[in-house]
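Letter by letter, the chains look like this.
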Amino acid sequence: MNSLRIRIGVLGLAMLTGFSVPTAASAAEAAPSPTVEERRLDRAVPQEILRRSGFDTVAPRFARALEEARSYAQARRAVVREGTELWRRAVDRAQGRGPAGGDLSRDDDRPLYWARLGMTREVRTWEPRFGLTDGQRAALLDELERTSRGQTAIGYPMGKGLKRILVTGFDPFTLDRDIRISNPSGATALALDGTVIETADGPARIETAVFPVRWRDFTQGTVERTLRPYLPEVDLFTTVSQGRVGRFDVERTNGAWRGGFADNDGIGRTETVPVTDPASQPQWTTTTLPYRAIVAADTGRFPVYDNTGVTEIPAGGTEPVVRPDGPTPGSTAREGGGGDYLSNEIAYRATLLRDRLGLHDRLPGGHVHTPVLQFGAGNTTEVTDPEFVRNRLDIIAQVRTILRVAAEKS
């Protein structure tokens, strides 16, 4: 019996919408196709990263689990199980538990990224005997994305005397510029998930999640869906991403504008950040992190700056103007302190959610940009080197210290 084929264009619109799963199979037939992001997987560098970490077994194992499924319900259970296992395995590897699986440094975030893409490609191109509707395939991809990013694994112990910190990171990006790229914010999320830091006020538990570098997912509310249940319960949150060379930035102001830079699927968006209830949407949101204390503290080898600059269209104006000291009243956002890409957007969305939940005056939260993770001098082809590893470990350690300072001063 011929399996149903799902149109990838329909999938792109349906993905992550959270709708109910239809029971009737789609009549439309077209060969499923991997995304731009997934097609990079077959290149030499991703395959080397997977092989040298032992994560090259993840997608084949997952494919076998899908083939054993005899119904949509069985397939969904396999997706949730294997997605959750991938996140757990990546966290364990980063934190020194279990086998290394190869000679690639344990702190590396890239095995998780490339293994996940191998899994999503399996779901996207899978043609089960029982047939799969557009909505069912989209729902499976949604479950896989959420479970393999730690978004469904956030949990804090019960009881008093323990502070709760929530941290987010990102996938690698700009992979067509250099496919070897690692994202120190994603590596930080793996290294810190479930760990406890000792502060002057007692212990603080850190929980983390990782987000995709795709405009579509943000439009469809992945940030709000993940963070909304936890912001009322935590004592501090920090979204983290890779920023400028040689420095950390605590971003003072976030802007409601997308600047059009291409995401990991090669798609750009130039528009106001789309949110629910746009009539009440502000052009700017602000950090409530204790930025003065963070900047003043000795947190590590990279300098930390209180970044106050933005780009705005002034009230009554038509052209963008750079403002080093923040936005002026009535202005329209064109860049927050963190720019106009997804790092600015996650900061904007998280802090807007904080404010809409009525938490502005009691919940410290904002965005921290890490230094760019650089390879050693002269390394233009190797997937790793000692300086690359040292830089990533130093960034992770410094984020941890920044969190401790923030927790103590909040």
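The structure under discussion appears in the preceding block.
Criteria and thresholds
- Residues numbered from 1 in each chain as written.
- Predicted model: local features only at pLDDT ≥ 70, side-chain atom pairs only at ≥ 80, totals over all residues.
- Heavy atoms only, no water.
- 1 Å grid on protein atoms, 1.4 Å probe; cavity = no way out; pocket = protein on both sides within 12 Å on 5 of 7 lines; lining within 4 Å.
- Points joined across faces, edges and corners; volume = space filled by probe spheres on them.
- Helix = DSSP H or I, 4+ residues; strand = E, 2+ residues; numbered from the N terminus.
- Nonpolar A, V, L, I, M, F, W, Y, C, P; charged D, E, K, R; others polar.
- Pairing = 2+ DSSP bridges.
- Axes fitted to C-alpha atoms, helices over the stretch in contact; angles between N-to-C directions.
- Buried < 20%, exposed > 50% of the residue type's maximum accessible area, 1.4 Å probe, protein only.
- Contact = heavy atoms within 4.5 Å.
- Parallel < 35°, antiparallel > 145°, perpendicular 65-115°, else oblique.
- Left-handed = near helix turned anticlockwise from the far one by under 90°.

Engineer: I'm lost on empty space enclosed by the protein in this one. Help?
Structural biologist: Any empty space left between the atoms is revealed when a probe the size of a water molecule rolls over them. Taken as a whole, this structure holds six cavities of 30 Å³ or more when the rule is applied. Considering only enclosed or pocket space, the largest cavity measures out at about 60 Å³ in volume. Lining the largest cavity are D109, L112, Y113, R116, F170, D171, P172, G186, L190 and V210. Elements supplying a minimum of two residues to the lining of the largest cavity: helix 6 (110-125) and helix 8 (184-192). With three residues, helix 6 is the largest single contributor of residues to the lining of the largest cavity. When the residues that make up the lining of the largest cavity are grouped by side-chain class, the tally is six nonpolar, one polar and three charged. As a volume, the second largest cavity reaches approximately 50 Å³.

Engineer: Would you mind showing me how to read the sheet that holds strand 12 (residues 321-323) here?
Structural biologist: In any sheet, the strands associate via hydrogen bonds between backbone groups, in a parallel or an antiparallel arrangement. With respect to topology, three strands assemble into an open sheet ordered 12-11-13, the strand pairing being antiparallel. Every other strand in the sheet has two partners, leaving strand 12 and strand 13 (332-335) as the edge strands with one partner each. Mean inter-strand twist for the sheet, computed between neighbouring axes without regard to direction, equals 40°. Bridge analysis of strand 11 (residues 310-313) against strand 12 gives three bridges, and the strand direction is antiparallel. The residue bridging V310 from the neighbouring strand is R323, located in strand 12.

Engineer: Looking at this structure, I do not really get helix 3 (residues 44-51). What am I missing?
Structural biologist: In an α-helix, one turn spans 3.6 residues; hence positions three or four apart end up facing the same way. When helix 3 is considered as a whole, its buried residues turn out to be V45, P46, E48, I49 and L50. Contacts from the buried residues of helix 3 go to helix 6.

Engineer: Hey, could you run me through the layout of surface pockets in this one?
Structural biologist: Computed from the structure, the largest pocket encloses a volume of approximately 650 Å³. For the lining of the largest pocket, the elements supplying multiple residues, two or more each, are strand 4 (236-242), strand 5 (248-251) and helix 12 (342-356). A class-by-class count of the residues in the lining of the largest pocket yields 11 nonpolar, 13 polar and seven charged.

Engineer: I keep staring at the packing of helix 3 against helix 6 and nothing clicks. Help me out?
Structural biologist: How two helices sit against one another is set out by the angle between their axes and by the gap between those axes. Running from N to C, helix 3 and helix 6 cross one another at 110°; their axes reach a closest spacing of 9 Å. On the basis of their axis angle, the class for helix 3 and helix 6 is roughly perpendicular. The handedness of the crossing between helix 3 and helix 6 comes out as left-handed. Residues P46, I49 and L50 of helix 3 form the contact with helix 6, whose own contacting residues are R110, P111, W114 and A115. Partitioning the contact of helix 3 with helix 6 into residue classes produces six nonpolar, no polar and one charged.

Honestly, that's just the spatial picture; any functional story needs more than this.
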